[in-house]
Amino acid sequence: MLVRPLAGRPLDITLPKGTIDSQMHAYLPGFPALDGGPPLPAGDLPTPAQYRQLMQWLGIDRVVITQGNSHQRDNGNLLACLADMGDIARGVAVIDAETTDAELDALAAAGVVGARIMDLPGGAVGLAALEAVDARASARGWMLAIQFDGSDILTHEARLAQLKSRWVFDHHGKFFSGVTPDSPEIAALKRLIDGGSCWFKFAGCYESSKSGGPEFSDIVAVARAIADHAPERIVWGTNWPHNLAREQDQYPDDAALTDTVLGWLADSNGRKLALVDNPEALYGFPA
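What you see as residue numbers is a count from 1 along each chain, following the sequence as written. Totals for whole chains, interfaces and linings use all residues, but because this is a predicted model, local features are given only for residues with pLDDT of at least 70 and pairs of side-chain atoms are given and counted only at 80 or more. The basis for the side-chain values is all heavy atoms of the structure; hydrogens and waters are excluded.

Caption draft 1: Structural context of the overall build of the protein. Within the protein, the secondary structure is distributed over nine helices and eight strands. Radius of gyration here uses only the C-alpha atoms, and the compact-globule reference equals 2.2 Å multiplied by the residue count raised to the power 0.38. Whereas a compact globule of 287 residues would reach a radius of gyration of roughly 19 Å, the protein reaches 17 Å, a difference of no more than 12%. When its C-alpha atoms are laid out on the principal axes, the protein stretches across 45 × 45 × 35 Å. For each residue, the accessible area found with a 1.4 Å probe, counting protein chains only, is set against the maximum for its type, and the residue is called buried under 20%, exposed over 50%, and partly exposed in between. Here the protein holds 287 residues, and the buried ones make up 56% of them. The contact criterion used is simple: two residues touch if any of their non-hydrogen atoms lie within 4.5 Å. Of the contacts formed within the protein by residues at least 6 apart in sequence, a portion of 76% connects residues at least 24 apart. Only the protein chains shown count as covering a residue, and every accessible area follows the Shrake-Rupley method with a 1.4 Å probe. For the protein, the computed accessible surface area is about 11,500 Å², with 53% contributed by carbon and sulfur atoms. Counted as positive: Lys and Arg. Counted as negative: Asp and Glu, with His and the chain ends omitted from the count. Charge placement uses NZ in Lys and CZ in Arg. For Asp and Glu, CG and CD serve respectively. If you average the places of the 23 positive and of the 36 negative side-chain charges in the protein, the two averages end up 4 Å apart. For the purposes of this entry, the term helix denotes a DSSP run of H or I that reaches at least four residues, the term strand denotes a run of E that reaches at least two, and both are numbered from the N terminus.

Caption draft 2: Region of the structure containing the packing of helix H1 (residues 48–58) against helix H8 (residues 254–262). Interaxial angle, 0 to 180 degrees, is taken between N-to-C directions of lines fitted to C-alpha atoms, where a helix line uses only the stretch in contact. Axis separation between H1 and H8 bottoms out at 11 Å; the angle between their running directions is 55°. When the axis of H1 is compared with that of H8, the two are oblique. For the crossing formed where H1 meets H8, the hand is right-handed. Counted together, Leu54, Trp57 and Leu58 of H1 and Asp254, Ala255 and Thr258 of H8 form the full contact between these two elements. Put simply, angles under 35 degrees are roughly parallel, angles over 145 are roughly antiparallel, angles from 65 to 115 are roughly perpendicular, and the rest are oblique. It is the rotation of the near helix from the far one that decides the hand of a crossing: anticlockwise by less than a right angle makes it left-handed, clockwise makes it right-handed.

Caption draft 3: Representation of the sheet that holds strand E4 (residues 112–118) in the model. Judged by pairing direction, the sheet is parallel, and its eight strands sit side by side in the order E1-E2-E3-E4-E5-E6-E7-E8 without closing on themselves. Two strands lie at the open edges of the sheet, namely strand E1 (20–24) and strand E8 (234–236), each paired on one side alone. On average, adjacent strands in this sheet sit at an angle of 30° to one another, irrespective of strand direction. Here a strand pair is declared whenever DSSP counts at least two bridges between the two strands. With four bridges connecting them, strand E2 (residues 62–66) and strand E3 (residues 89–93) associate as parallel partners. Bridge pairing in E3 links isoleucine 65 to glycine 91.

Caption draft 4: Spatial organisation of unusual backbone geometry. Cis peptide bonds are those with omega within 30 degrees of zero, and the linkage from glycine 213 to proline 214 qualifies with 5°. On the secondary structure map, proline 214 appears in the loop between strand E7 (198–202) and helix H7 (217–229). Following tryptophan 240, the chain continues into proline 241 via a peptide bond in cis, with omega recorded as 5°. Examined against the element boundaries, proline 241 turns out to sit in the loop between E8 and H8. The backbone of asparagine 239 sits at a positive phi, close to 60°, despite the residue not being glycine. Summarising the element assignment, asparagine 239 is placed in the loop between E8 and H8. Here asparagine 239 falls in the buried class, since its relative accessible area comes to 3%. Although it is not a glycine, histidine 242 sits at a positive phi angle of roughly 55°. For histidine 242, the position within the fold is in the loop between E8 and H8. Overall, the relative accessible area of 1% leaves histidine 242 in the buried class.

Caption draft 5: Just the pairing of strand E5 (residues 143–147), in detail. The element E5 is extensively covered by neighbouring structure, given that five of its five residues are classed as buried. Here E5 shows no split at all, with Met143, Ala145 and Gln147 on one side and Leu144 and Ile146 on the other all buried. Of the pairings in the sheet, the one linking E4 to E5 comprises five bridges and is parallel in character. The partner of glycine 114 across the bridge, within E5, is methionine 143.

Caption draft 6: Fine view of the environment of asparagine 75. Mapped onto the elements of the fold, asparagine 75 is located in the loop between E2 and helix H2 (76–85). Overall, the relative accessible area of 10% leaves asparagine 75 in the buried class. Put simply, asparagine 75 and leucine 120 are 45 residues apart on the chain and 19 Å apart in space, counted from C-alpha to C-alpha. Residues in contact with asparagine 75, not counting those within four places in the same chain, are Gln67, Ala93, Val94 and Leu107.

Caption draft 7: Structural view of the nonpolar core. Residue types Ala, Val, Leu, Ile, Met, Phe, Trp, Tyr and Cys, when buried and joined through side-chain atoms within 4.5 Å, form a set referred to as a nonpolar core. By size, the foremost hydrophobic cluster in this structure holds 78 residues, and its most contacted members are Ile146 and Phe202. Of the residues forming this core, the biggest block, six residues, is contributed by H7. Residues within four places of isoleucine 146 in sequence aside, it is in contact with Ile117, Leu127, Leu130, Leu160, Leu163, Trp167, Val168, Phe169 and Asp170. Listed in part, the twelve residues of the second largest apolar core include Val92, Val113, Leu282 and Tyr283.

Caption draft 8: Up close: the packing of aromatic side chains. For Phe, Tyr and Trp, rings pair up if their centres lie within 6.5 Å, where Trp contributes its six-membered ring, and each pair is then called stacked (planes under 30 degrees apart), edge-to-face (over 60) or tilted (otherwise). For the structure on display, the rule yields seven aromatic pairs. Through pairs of rings, three or more aromatic residues link up here, namely Phe148, Trp167, Phe169, Phe175, Phe200, Phe202 and Trp264. Comment: the charge-over-ring label is applied if NZ (Lys) or CZ (Arg) is within 6 Å of the ring centre and within 35 degrees of the ring normal. Its end group placed over the ring of tryptophan 199, arginine 233 keeps NZ or CZ at 4.3 Å from the ring centre.

Pasting the structure below:
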């Protein structure tokens, strides 16, 4: 059975005060997986109580809880986890054109500040609904967390450039076909960032890396190129509880992974931007 380590050796890189983990999922009993999505994570249910232990281990102070694909369009588990975590947490929910204003009011009152677009297998709302979700989100000052195969970014660039909401390109862009810093897909990403509404998230590098850990060498060069291009637009997340891991040998060492990924940022100033200042701006945390 998979067991998630929640303590271990200290990080080599000390996280700055106020650090925000901008990508994780949490689960509470009573919310089963729904049709259309993946099963719940393997092993013990990864609860807010477990995550607080990880926060203490790594030095995380605040968190963004993202609606998991297992629960599709039912945000009940997300709302319960936000209530459990309290004021240090914000949420990214799943909404669509049919979500009522009353539902949006309840989500906002619970700490939701964004909406998720997941255009990959198991996602609840994909790019077909992009403009409709953007309209609902932008009217409330919410952001969008958008995930798709970045190899297709040239196809989607024009639509993404027209978004009214702040948005983050999730999970290192998931360029499944492979890219280099000189690829046209990375030029498109830079244009979107320069447009003023796009951020880039360092999280879950192992989900698209072909070379694998511990170095993730095929991800490093692009990550550094984007961070050098726009250090004010990088955010970071643990991607806990690493939902793709179904067996113990697939589960990453959170301390080693954090040290590796944060080492791709230029210096302590870049880390403070990515861990504190940038996510405060993107997710609306108080400074």
